[in-house]
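# What the coordinates show
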Amino acid sequence: MQKSWSAVDNYLINQLLPNDPLLEKVLENNQQAGLPAIDVAANQGQLLALFVRMTRAKRVLEIGTLGGYSTIWMGRELPEGGKLTTLEFDAHHAEVARQNLQLAGLENKVEVIEGPALDSLATLDPSETFDLIFIDADKPNNPYYLQWALLYSHPGTLIVGDNVVREGEVTRPESQDKSVQGVRRFIEMMGNDPRLTCTALQTVGLKGWDGFTLAWVNG
Ligand code: SAM
């Protein structure tokens, strides 16, 4: 099935997305720097860019930078004066991301904060909320990331959580996998929080079988 999923993704990407030599170069840089190819696919990147546009986001928070591929998709949609803060644990990933962001001309709009995201989140200013928050780092910490995301939200903030299907393991309460347990708790917290309107979609494509959550902070 993976072959068919990839073929369909490639078809959709070729039909719908413009050629993007810059983002192709970013993926090449990431590969040359030895980063794992766990960035979002191009059609998912475009979806994130559309979320920035649809929410008219001026301030974006990303948890999990890698080489800055998704960061660039979102950062390019920001208006004049907009700002994206992205959190990355791995110093090498952060350095590659900074170089890629410079290549994209986004170094003045994007701040890469290096260190464990839970530490970095504790240093942000809660009076400065975000319009869009993309959670895409270590899944065992997703429940804590959701708590922080809510602290840094306002009515109308969109919170996106990636990689929530875990090869279908997400349905297994008895799973010993810490990522599965993190995602299950994350989903349970979202579903039980009256401040949020939520949904989730499972997806197939270039990156296999996966899925993402969407949570809208109610007014
Ligand atoms: N958003 C990126 C993209 O689509 O281009 C992909 C992010 S990748 C799936 C996850 C990243 O989160 C990795 O670079 C990893 O080093 C980082 N990460 C893992 N645990 C972290 C933590 N505790 N704090 C901050 N970053 C972390």
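Position labels on residues start from 1 in each chain and follow its written sequence. Per-residue local features of the predicted model are confined to residues with pLDDT of at least 70, and side-chain atom pairs are confined, for both listing and counting, to 80 or more; whole-chain, interface and lining totals are unaffected and use all residues. Side-chain measures here rest on the full set of heavy atoms in the structure, leaving out hydrogens and waters.

The name given to the chain in an unreviewed UniProt entry is O-methyltransferase, with Scandinavium lactucae as the source organism.

Moving on, we come to empty space enclosed by the protein. Grid points spaced at 1 Å over the protein atoms alone were grouped into cavities, where a 1.4 Å probe fits but cannot get out, and pockets, open sets with protein on both sides within 12 Å along at least five of seven lines, with lining residues defined by an atom within 4 Å of a point. Grid points are joined across faces, edges and corners, and a volume is the space filled by probe spheres set on the points. Overall, the coordinates contain 1 cavity of 30 Å³ or more when judged by the stated rule. For the largest cavity, the calculated volume is near 100 Å³. Every residue lining the largest cavity is listed: Val40, Gln44, Leu47, Leu48, Phe51, Phe134, Val160, Asp162 and Phe212. Put simply, DSSP marks the helices as runs of H or I at least four residues long and the strands as runs of E at least two long, and each gets a number from the N terminus on. At the level of elements, α3 (42-54) and β5 (158-162) are the ones that each hand at least two residues to the lining of the largest cavity. Top element by residues in the lining of the largest cavity is α3. It accounts for 4 residues. Of the residues that constitute the lining of the largest cavity, the class distribution is 7 nonpolar, 1 polar and 1 charged. Three residue categories are used. Nonpolar comprises Ala, Val, Leu, Ile, Met, Phe, Trp, Tyr, Cys and Pro, charged comprises Asp, Glu, Lys and Arg, and polar comprises the others, including Gly.

It is worth spelling out the layout of surface pockets at this point. Size it by volume and the largest pocket reaches roughly 550 Å³. Lining the largest pocket we find 29 residues, and of these Ile38, Asp136, Ala137, Lys139 and Asn163 sit closest to its centre. Of all elements in the fold, only α4 (69-75), β2 (83-88) and α6 (117-121) reach the threshold of two or more residues within the lining of the largest pocket. Classifying every residue of the lining of the largest pocket by side-chain character gives 13 nonpolar, 7 polar and 9 charged. The calculated volume of the second largest pocket comes to roughly 460 Å³. Along its surface, the second largest pocket is lined by 23 residues, and Ile13, Glu24, Leu27, Ala42 and Tyr69 are the ones closest to its centre. Looking at the lining of the second largest pocket, the elements with two or more residues in it are α1 (2-16), α2 (21-32) and α4. Sort the elements by how many residues they give to the lining of the second largest pocket and α2 lands first, with 5 residues. Of the residues assigned to the lining of the second largest pocket, the class counts are 14 nonpolar, 5 polar and 4 charged.

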